[in-house]
Amino acid sequence: MELLDILTVGVVIGLAALIQSAVGFGFLVFATPLILWIGFPLPAVVTLVSTCSTLQAALGARHLRASVPWRLTWTATAVRLVAVVIGLYLLTKIVTLDVNYVKLVVGSIVGLIVIAKLLCQPQPVEKAHWGWAGFAFVISGLLSGICGIGGPPLVIWSTLQNWPTNKIRGFLFAVLAISTPLQILLLGLTFGVGLFKYVAIGFAFFPVALLGYGVGLPIGNRMRKRRHRLIVDIILLLVAASTVFGAVISK
């Protein structure tokens, strides 16, 4: 990695950690398209970003452990991991595509997820139908396996519940912290143990993620839920638009 690449990745990881610590998700959705833009292969990007995201999510889950619905967390994790295996299989089919096509796929997925969230505008209910939970957990796992952006389906589902903000954030932190290390292991088994060097690179960037976590956590504690969603949605739409546009003009 050249010095400019190192600095760029560091800034992206710091901002991604800030976003995730503030709202409970967003690390991979924000960081994956931007680091992919630098030119890293998709499996390597997912591995590097997932490592930093896991460490940051573990800190968040520990901080909010009293608010985490642990039984539901383990159920969501189990369902997601089954879907991750399917998603990784699909990833093996698209990884040989030209990098611009991969960028186009990733950016389009991010944009569609955010647009769907804005259109749905889910209102909290006392108890959502279990089928919605299963659907969200499966789609989350599929997207995690394909391109490492499985957080948004969990966010959309969790905001359907009449939960306090800390319970939503704690649930998201806990699911990501538990399931992502297993996802990284599956990535290594699928694409070769050489990917594990990106785990070491992820650990090297963790101090930057820790800085972002420290800045974002108190911001999230003070900010209202509606403002959380609005700010993150705007950022994600900008990331998706720039990624898709860059992939199109590079062809």
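Bear in mind that the values here come from a model prediction, so they are computed numbers and not experimental data. (Residues numbered from 1 in each chain as written. Predicted model: local features only at pLDDT ≥ 70, side-chain atom pairs only at ≥ 80, totals over all residues. Heavy atoms only, no water.)

As a further point, take the overall build of the protein chain. Tallying secondary structure elements over the protein chain gives eleven helices and zero strands in all. When the helices and strands of the protein chain are placed in sequence order, the string is α-α-α-α-α-α-α-α-α-α-α. Within the protein chain, the fraction of its 251 residues that count as buried is 52%. Accessible surface, the protein chain: about 11500 Å² in total, of which carbon and sulfur atoms supply 71%. (Helix = DSSP H or I, 4+ residues; strand = E, 2+ residues; numbered from the N terminus. Buried < 20%, exposed > 50% of the residue type's maximum accessible area, 1.4 Å probe, protein only. Areas by Shrake-Rupley, 256 points an atom, 1.4 Å probe, with all protein chains shown as cover.)

Take the packing of aromatic side chains next. The tally for this structure, following the rule as stated, stands at five aromatic pairs. The interplanar angle of 90 degrees and the centroid separation of 6.5 Å between the aromatic rings of Trp-132 and Phe-135 together place this pair among those described as edge-to-face. Within this pair, Trp-132 and its partner Phe-135 are both found in helix H6 (residues 130-147), separated by three residues, close to a single helical turn. By the burial criterion, Trp-132 is exposed, and Phe-135 matches it. Arranged with centres 5.7 Å apart and planes meeting at 50 degrees, the rings of Trp-157 and Phe-171 form a pair that is tilted. Note that Trp-157 is positioned in helix H7 (residues 151-158) and Phe-171 in helix H8 (residues 165-191), a separation of 14 residues in sequence. Considered together, Trp-157 and Phe-171 belong to a single accessibility category, that of buried residues. Members of the aromatic cluster, each reached through a chain of ring pairs, are Phe-137, Trp-157, Trp-163 and Phe-171. (Phe/Tyr/Trp six-rings, centres within 6.5 Å; stacked < 30°, edge-to-face > 60°.)

Overall, the predicted model of the protein chain reaches an average pLDDT of 81, with 89% of residues at or above 70. Predicted confidence in the protein chain is weakest over helix H11 (residues 225-250), with a mean pLDDT of 72, and strongest over helix H9 (residues 197-204), with 88. (pLDDT = per-residue confidence, 0-100.)

With that out of the way, let us pick up the environment of Ile-35. Tracing the chain through its elements places Ile-35 in helix H2 (residues 27-38). Residue classification places Ile-35 among the buried positions, given a relative accessible area of 1%. Taking C-alpha positions, Ile-35 is 8.9 Å from Asp-5, a pair spaced 30 residues apart along the chain. When near neighbours in sequence (up to four residues on either side) are disregarded, Ile-35 contacts Val-9, Val-12, Ile-13, Phe-40, Val-45 and Val-49. (Contact = heavy atoms within 4.5 Å.)

The subject of this paragraph is the nonpolar core. Ranked by internal contacts, the top residues of the largest apolar core, which has 51 residues, are Ile-13, Phe-27, Ile-35, Val-49, Phe-137 and Phe-171. At eight residues, helix H1 (residues 3-23) tops the list of elements feeding residues into this core. Discounting chain neighbours no more than four positions away, the residues touching Phe-137 are Leu-72, Ala-76, Val-79, Arg-80, Leu-154, Trp-157 and Phe-171. Ala-57, Leu-64, Leu-176 and Ala-177 belong to the second largest nonpolar core, which has eight residues in total. (Core = buried A, V, L, I, M, F, W, Y, C linked by side-chain atoms within 4.5 Å.)

Turning to the packing of helix H3 (residues 42-63) against H9, a few remarks are in order. Two numbers describe how H3 lies on H9: the axes approach to 8 Å, and their chain directions differ by 45 degrees. Between H3 and H9, the angle falls in the class oblique. As for how H3 packs across H9, the hand of that crossing is right-handed. When H3 is examined against H9, the residues Ala-44, Thr-47, Leu-48, Thr-51, Cys-52 and Leu-55 are found in contact with a partner set consisting of Tyr-198, Val-199, Ile-201, Gly-202 and Phe-203. Residue classes in the contact of H3 with H9 are distributed as eight nonpolar, three polar and no charged. (Axes fitted to C-alpha atoms, helices over the stretch in contact; angles between N-to-C directions. Parallel < 35°, antiparallel > 145°, perpendicular 65-115°, else oblique. Left-handed = near helix turned anticlockwise from the far one by under 90°. Nonpolar A, V, L, I, M, F, W, Y, C, P; charged D, E, K, R; others polar.)

Direction vectors running N to C along H1 and helix H10 (residues 206-222) enclose 30 degrees, while the axes themselves pass 7 Å from each other. Classified by the interaxial angle, the pair formed by H1 and H10 is roughly parallel. The interaxial crossing formed by H1 with H10 has right-handed handedness. Of the residues in H10, those in contact with Gly-10, Ile-13, Gly-14, Ala-17, Leu-18, Ser-21 and Ala-22 of H1 are Val-208, Ala-209, Gly-212, Tyr-213, Val-215, Gly-216, Leu-217 and Gly-220. Of the residues that constitute the contact of H1 with H10, the class distribution is nine nonpolar, six polar and no charged.

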